[in-house]
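Report on the structure
The chain contents come next:
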Amino acid sequence: MDLDPDDVFRDDEDDLDNEFYQAKDSTKELLVYLVDASPKMFSTTCISEDQNNESHFHIAVSCIAQSLRTQIINRSYDEVAICFFNTREKKNLQDLSGVFVFSVAERENLDRPTARLIKEFDCIEDRFMKEIGSQYGIISGTRENSLYNALWVAQALLRKGSAKTADKRILIFTNDNDPFGHIKGATKIDMTRTTLQRAKDAQDLGISIELLPLSRPNEEFNVSLFYADLIGLEGDDLAQFLPSVAEKLEDMKDQLRKRMFTKRIVRKIAFSIANGLSIELNTYALIRPTIPGAITWLDSVSNRPLKTERSFICSDTGALVQEPLKRCQPYKNENIKFSVEELSEIKRVSTGHLRLLGFKPLSCLKDYHNLRPSTFIFPSDEEVFGSTCIFIALHRSMLRLKRFAVAFHGSSSHPQLVALIAQNEIISHGGQVEPPGMHMIYLPYCEDIRHVEELYSDSNGATPKATDDQIKKATALMKRIDLKDFSVCQFSNPALQRHYAVLQALALEEPDIPETKDETLPDEEGMARPGVVSAVEEFKLSVYGDNYDEENELVRNGKASEASKKRKAIADNAVKECANYNWADLADNGQLKDLTVVELKYYLTAHNLPVTGKKEALVSRILTHMGK
């Protein structure tokens with residue numbers, strides 16, 4: 001019997017309590033790109049991956065352009081501004097020389113990226129010299145300081161929003177490691193001091209300043225000359241800065257079209273320990289599911305988002321209903337009325353806070369209890385002073401006693417038990433690897449745990465078991481095809497990649513849809529390596545023996561399909577045709593490329609190798625198999 005056939009008690013906001021989908025409620029990011037536009041950025045070139053010379057200005061602009069594209073998918077409600085310094089023309093609200101804030105019509109200087117901004121910024125290099133111009137903004141004998149002006153303009157742009165609700169950042173692109181290097185005496189000291197003070201003022205307001213240095217050929221960017229003081233680097237951070245920056249720059253150039261969530265606070269919760277003692281915790285989602293963005297309905301004329309309004313009309317009088325609606329549920333031939341407040345109270349099982357129930361040994365927690373990605377929790381003294389001290393004491397005790405805490409948690413309509421597992425801090429020579437804190441693991445209900453599957457026996461009633469040799473061969477095979485340093489973050493969802501590529505082409509009016517690489521497809525080249533092929537054959541031999549024929553086995557069991565028969569016929573024909581070619585001579589004389597794709601597939605099929613890919617890939621696969 002369906003107790004609620006009309007979904008009277010359906011909770012319209014069930015998913016709003018899920019930390020996976022609370023990105024908009026967490027802090028957003030306000031970012032200002034500061035790009036050095038001095039002549040040195042245009043004159044210095046480096047060799048790109050396609051062996052072409054690229055100026056440092058081109059690299060910076062390309063990184064920003066790609067970042068703007070990914071941000072629309074990444075977090076479209078984050079806001080950015082693009083600011084050039086060391087320019088001939090000036091354009092900023094402070095009317096400071098040497099600083100040009102790039103923007104487009106119908107958009108504020110610091111705002112969400114739009115298709116028009118991206119399209120016009122893609123053409124910035126072609127018209128930069130004519131419309132904006134490049135010049136040295138810090139000149140000996142003058143008091144002009146374009147870097148100081150740029151930091152001032154960026155700080156003014158970031159006045160929008162509170163530091164509590166927005167992450168504010170300034171990202172500097174430059175290849176000049178000492179902007180005041182050609183100035184001497186008291187002037188240099190004074191200009192350096194005022195610039196560093198301007199940066200410190202910005203940081204005191206909660207603005208983070210980051211540097212992406214562009215090293216010149218055969219000359220490493222010496223960050224310790226000036227910028228280490230500007231961004232606050234010292235000790236080990238200074239030693240590790242350049243390697244980490246190289247990775248960040250490469251990541252900006254090659255970012256995929258995928259959602260990437262930074263480690264921002266999902267929400268704050270109260271942790272009730274005992275006798276009215278509560279502390280404040282911040283929660284962080286470690287993994288979020290990636291889904292296409294929500295559909296926004298637009299007006300066909302103005303192209304502006306539509307607003308939905310709903311009004312209720314009385315069926316008897318035809319008048320608009322002014323009073324709040326009441327819902328009813330039929331019960332014993334009578335409609336029981338409920339107000340919105342009453343329904344909300346009925347559905348409220350939990351307050352949404354975390355309530356400690358007790359502790360258990362870590363041995364009681366099994367791997368299969370972890371149903372979905374955990375939530376990382378960390379203390380906060382922002383509203384409840386002393387939360388960190390109590391959390392640290394609890395954290396240390398749990399680590400020492402090897403216990404985990406059991407707590408009651410959940411949304412108002414979905415309560416559940418959770419396990420809090422203390423994580424110790426892990427530090428390597430490169431810095432912190434894992435932060436201290438706790439993981440909140442969502443424990444399953446009884447019906448969520450599946451029973452162990454039965455072991456099916458053969459006709460003799462015995463359960464088949466692998467021999468030591470079969471286990472050894474299987475282990476060797478797994479080691480041979482093991483993915484080194486595997487991470488789920490290395491693979492993107494091809495369907496979403498295609499979805500975002502189509503959206504990008506439509507928004508930017510691009511003639512072609514950008515290509516997307518499906519990284520989930522099997523690595524045919526890797527599987528065709530002689531070592532892998534040998535390990536697979538040894539495993540098959542140990543399991544099935546020398547005389548095993550898969551196709552004949554299926555025929556004997558009556559399981560051979562038309563497709564399998566067709567595959568066997570193709571394989572037999574390929575073996576026959578393959579014998580008509582002297583493959584060794586063709587490979588030695590470089591004549592494999594003269595064969596047709598069909599002829600190349602004779603060899604591949606005869607040797608059980610993959611036959612997919614272009615002609616060049618097929619030739620390479622054959623040469624690899626032959627050891628050429």
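So, on to the confidence of the model for the protein chain. The share of residues in the protein chain with pLDDT of 70 or more is 83%, and the mean pLDDT across the chain is 80. Averaged pLDDT values over the elements of the protein chain bottom out at 57 in helix α16 (residues 550-556) and peak at 94 in strand β5 (residues 99-102). A low-confidence stretch, residues 254-261 stays under pLDDT 50, and its non-local contacts, those more than four residues away or across chains, total 34 contacts.

Burial along β5 is two-sided: Val99 and Val101 and Phe100 and Phe102, pointing in opposite directions, are all buried. Where strand β4 (residues 79-85) and β5 come together, 4 bridges link them in antiparallel fashion. Looking at β5, one finds that Phe85 is bridged to Val99.

Our focus in this paragraph is the side chain of Asn145. Note that Asn145 resides in the loop between α4 (124-131) and α5 (146-157). From its side chain, Asn145 meets the backbone nitrogen of Leu147 in a polar contact 3.4 Å long.

Using the criterion set out here, one finds 13 aromatic pairs in the structure. Aromatic side chains Phe42 and Phe57 sit 4.4 Å apart centroid to centroid with 25° between the ring planes, which places their arrangement in the stacked category. Of this pair, Phe42 sits in helix α1 (residues 39-43) while Phe57 is found in helix α2 (residues 56-74), placing the two residues 15 residues apart along the sequence. Take Phe42: its relative accessible area is 24%, and that puts it in the partly exposed class. Using a relative accessible area of 1% as the deciding quantity, one classes Phe57 as buried. In this structure an aromatic cluster arises from ring pairing among Phe42, Phe57, Phe84 and Phe128.

Quick notes on the rules
- Residues numbered from 1 in each chain as written.
- Predicted model: local features only at pLDDT ≥ 70, side-chain atom pairs only at ≥ 80, totals over all residues.
- Heavy atoms only, no water.
- pLDDT = per-residue confidence, 0-100.
- Helix = DSSP H or I, 4+ residues; strand = E, 2+ residues; numbered from the N terminus.
- Contact = heavy atoms within 4.5 Å.
- Buried < 20%, exposed > 50% of the residue type's maximum accessible area, 1.4 Å probe, protein only.
- Pairing = 2+ DSSP bridges.
- Polar contact = N/O pair within 3.5 Å; in protein donor to acceptor, adjacent residues only side chain to side chain.
- Phe/Tyr/Trp six-rings, centres within 6.5 Å; stacked < 30°, edge-to-face > 60°.

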